[in-house]
Amino acid sequence: MNNVAANLRELMARRGVSENRLATETGVPQPTIHRALNGTAKDPRDGTLRPLAAFFGVTVEQIRTKLPTPDRPNGGALERVPAYQIRAFDGPDDLDGDREVLVAEVDVVVSGGPGAAVPEFVETSYRMAYQLNWFKQVGAKPDNVRVMKVTGDSMERTLFHGDRIAVNLADNQITDGRVYVFMTGGVYPDVKVKRLYRTSDGRVRVVSDNLDKTQYPDEYLDAHDLEHVQVLGRVIDRSGRGGL
């Protein structure tokens, strides 16, 4: 078994996810994941491994070589706690303060006009409880993360209408292929969630994951457009019914 196959199996065991669940959460086809796991695909492309690495909170290089050692509190045996476990918050009594933290859901309100658009994060009554260890794995601080609700179907396959996403507001530098929440400027500013890529000529390609490119074609933002765009943060988690 090669490194990629062994490391993917280890990551799936740690998280307690199946091939089908991993395919659903990352958008990587299940047959592709199966070939990587059984060693048929001995050297999967970075484009295949990147969403898997993002899901598990590691790097592509770590999947290809050696995984980081999981945290072991007090030097004891590894405790099997799914770091991806998310649950709705009903009240403070069921929160384990030593292992969990609440993340507030916000509505993003944007003020328009002739000047720069200014976002305002207005908290709703909804909260999500996340494992503290999960924040370490994805390299985010709880204070920098907010939950937002997805509207529309332009990102289907990855994000569905009504899904909730966790957004790291401290990560607003574009990395190719990652999903970001960003705000347009102008008189009628808007908040969008899309997959972003930088092009060789300095533009940013804005991609909807929906396969209907007639309805959701790729967009390109040039230098002038980017002066009026503010990246609010990177999407680091999703929860919801998906396409069910």
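About the criteria used
- Residues numbered from 1 in each chain as written.
- Predicted model: local features only at pLDDT ≥ 70, side-chain atom pairs only at ≥ 80, totals over all residues.
- Heavy atoms only, no water.
- Salt bridge = Lys/Arg side-chain N within 4 Å of Asp/Glu carboxyl O.
- Helix = DSSP H or I, 4+ residues; strand = E, 2+ residues; numbered from the N terminus.
- Buried < 20%, exposed > 50% of the residue type's maximum accessible area, 1.4 Å probe, protein only.
- Core = buried A, V, L, I, M, F, W, Y, C linked by side-chain atoms within 4.5 Å.
- Contact = heavy atoms within 4.5 Å.

**Q** Could you clarify how one ought to interpret the pattern of salt bridges in this entry?
**A** This model, assessed by the stated rule, comprises twelve salt bridges. With its nearest N and O atoms 2.6 Å apart, the salt bridge here joins Glu105 to Arg164. Remark: Arg164 occurs in strand β5 (residues 164–168) and Glu105 occurs in strand β2 (residues 100–111); sequence separation between them is 59 residues. According to the relative accessible area criterion, Glu105 is buried, its value standing at 6%. Notably, a salt bridge pairs Asp163 with Arg238, separated by 3.2 Å at the nearest N-O pair. Of this pair, Asp163 sits in the loop between β4 (145–149) and β5 while Arg238 sits in strand β10 (residues 230–239), placing them 75 residues apart in sequence. Neither residue differs from the other here; Asp163 and Arg238 are each classed as buried.

**Q** Would you mind going over the nonpolar core with me for this structure?
**A** Burial of nonpolar side chains together is a common tendency in soluble globular proteins. In terms of nonpolar packing, the biggest core is built from 20 residues, with Leu8, Leu22, Ile33, Leu52, Phe56 and Ile63 touching the most fellow members. Broken down by secondary-structure element, the contributors of at least two residues to this core are α1 (3–15), α2 (19–26), α3 (30–38), α4 (46–56) and α5 (60–64). With five residues, the single largest contributor to this core is α4. If sequence neighbours within four positions are ignored, Leu22 has contacts with Met12, Ile33, Leu52, Phe55 and Phe56.

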